[in-house]
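# An overview of the molecular structure
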Amino acid sequence: MPVMGAMVLREPRTPLVMREWPIPVPEAGEILLEIAACGVCRTDLHVVDGELPNPKLPVVPGHEIVGRVAAMGEGVAGFAISQRIGVPWLGFTCGVCPYCRDGRENLCDRPLFTGYTRDGGYATHAVADARYCFPLPERMDDAEVAPLLCAGLIGWRSYRVAGEGASLGLYGFGAAAHILAQVAAWQGRRVYAFTRAGDAAAQAFAKSLGAVWAGSSDEMPPEPLDGAIIFAPVGALVPLALKAVKKGGRVVCGGIHMSDIPSFPYRLLWEERHVVSVANLTREDAHEFLTVAPQAGVRTEVTRYPLDRANTALADLREGRLQGAAVLIP
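Note that this is a predicted model, so its numbers are computed, not measured. (Residues numbered from 1 in each chain as written. Predicted model: local features only at pLDDT ≥ 70, side-chain atom pairs only at ≥ 80, totals over all residues. Heavy atoms only, no water.)

## Quick notes on the pattern of salt bridges
For the coordinates displayed, the defined rule picks out 15 salt bridges. For Arg118, the salt bridge identified is with Glu30, shortest N-O distance 4.0 Å. With a gap of 88 residues between them, Arg118 in the loop between strand E7 (112-113) and strand E8 (125-129) and Glu30 in strand E3 (residues 30-40) connect regions that are remote in the sequence. Residue Arg118 is classed as buried on the basis of its relative accessible area of 16%. Asp102 is the partner of Arg104 in a salt bridge, and the nearest nitrogen-oxygen pair spans 3.1 Å. Given the relative accessible area of 38%, Arg104 is considered partly exposed. Put simply, Arg157, Arg160, Asp285 and Glu288 are held in one network by salt bridges that share partners. (Salt bridge = Lys/Arg side-chain N within 4 Å of Asp/Glu carboxyl O. Helix = DSSP H or I, 4+ residues; strand = E, 2+ residues; numbered from the N terminus. Buried < 20%, exposed > 50% of the residue type's maximum accessible area, 1.4 Å probe, protein only.)

Next up, the structure:
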C-alpha cells in the first residue's frame, strides 16, 4: 500500500517528527493532493509554540499548500486530475451560523483550519475540502506561489481593511509585507516599511520592492500615514502605529496572535483613529487576490527547505533569519 510522509506535531513546544502512514482515500467532497510545496507561516509557529489553543493533536502543520490533484471524492466538480491547486488556512465553515449566513465566513462559529484543526501541508500528500481549494496561476513556480496562500490572502484582507489612502505603513517586513508592498506600489501608493531596529538588510529589501522609506519600528515616518498594517506579533507596535497615522487613520492588526498591547494615552486614539483586527479569510478574498497578484506582477522571495528540515525552517522564521518566506519541498 502506498504511504505518505509528514512532519507531525505531537505536543506543543516539541520538535516535529517525521511519520509515515497509508495515503488516504478522499471522501465525498474532498480532494487528495500530491504536495509540491508548502509555505512556512508565522501562524505555524503560533501552533507549534503553543500560542494558539486547542489544536488537533497530533497535527500536520502547514496551510500554504501547493499541489496537484491526485484523486477526487464523490461529488467534486470543477477540478481535474493533475491540475495545480492551492489550499489555504480556512479549511471548512459550517454555512449555517449567523456569520456564515451574513457573508462573513471568516468569523464562522464552527470552522476548521488547515494545519491547526485539520491536517495540513508539511507532508507529501494532503486531503482538503474541495470547496476551499483554488486554481493557481501557472506563471510562478510551486515554491514561489505558496506564500500567496496565507501571507498573500491574509495580507490582502488586511490591506483592504486598512483603506485606500495614499500612504501606508507596514510594520514587520516579512512574508506578507513583502507581497503587499508590491501590490501597493503597483497601485501607486506610498509604502513605508518598519523593521526591527538596525535591520539594514530588511530595509534595503523593502526599498527594492517599492517602499519609498524604510526604518525602525520605533521611528516616525517622514509623513503621517493614512493607514498602517501590523504583521509582526508585537503588541507594543500598536501605540507606535497609532502615533504614526493621521487623524481618521486606521491601524490594522493582521495576525492571529499578538503579545499584549501596552496601555497608551487616549490622545493617540483620539481624532477618530481606529484599531481593528483581521480574522482569517473568506473564499472571496482568495478569488480576488489570486486575480490581483498576477496583474501586479507579484514576485515572492523564498528560501526552500526539504520537508525533513521543517524544524530548521521554523527556527529560522522564529529567529528572524529569513528574507521573504520559507517554503518546504517534499
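Right, picking up where we left off after that structure.
## Considerations on the environment of Arg84
Within the secondary structure, Arg84 is located in strand E5 (residues 84-87). Overall, the relative accessible area of 3% leaves Arg84 in the buried class. Here the alpha-carbon distance between Arg84 and Leu33, two residues 51 residues apart in the chain, equals 9.0 Å. In this structure the side chain of Arg84 is engaged in a polar contact, spanning 2.9 Å, whose partner is the side chain of Asp142. (Polar contact = N/O pair within 3.5 Å; in protein donor to acceptor, adjacent residues only side chain to side chain.)

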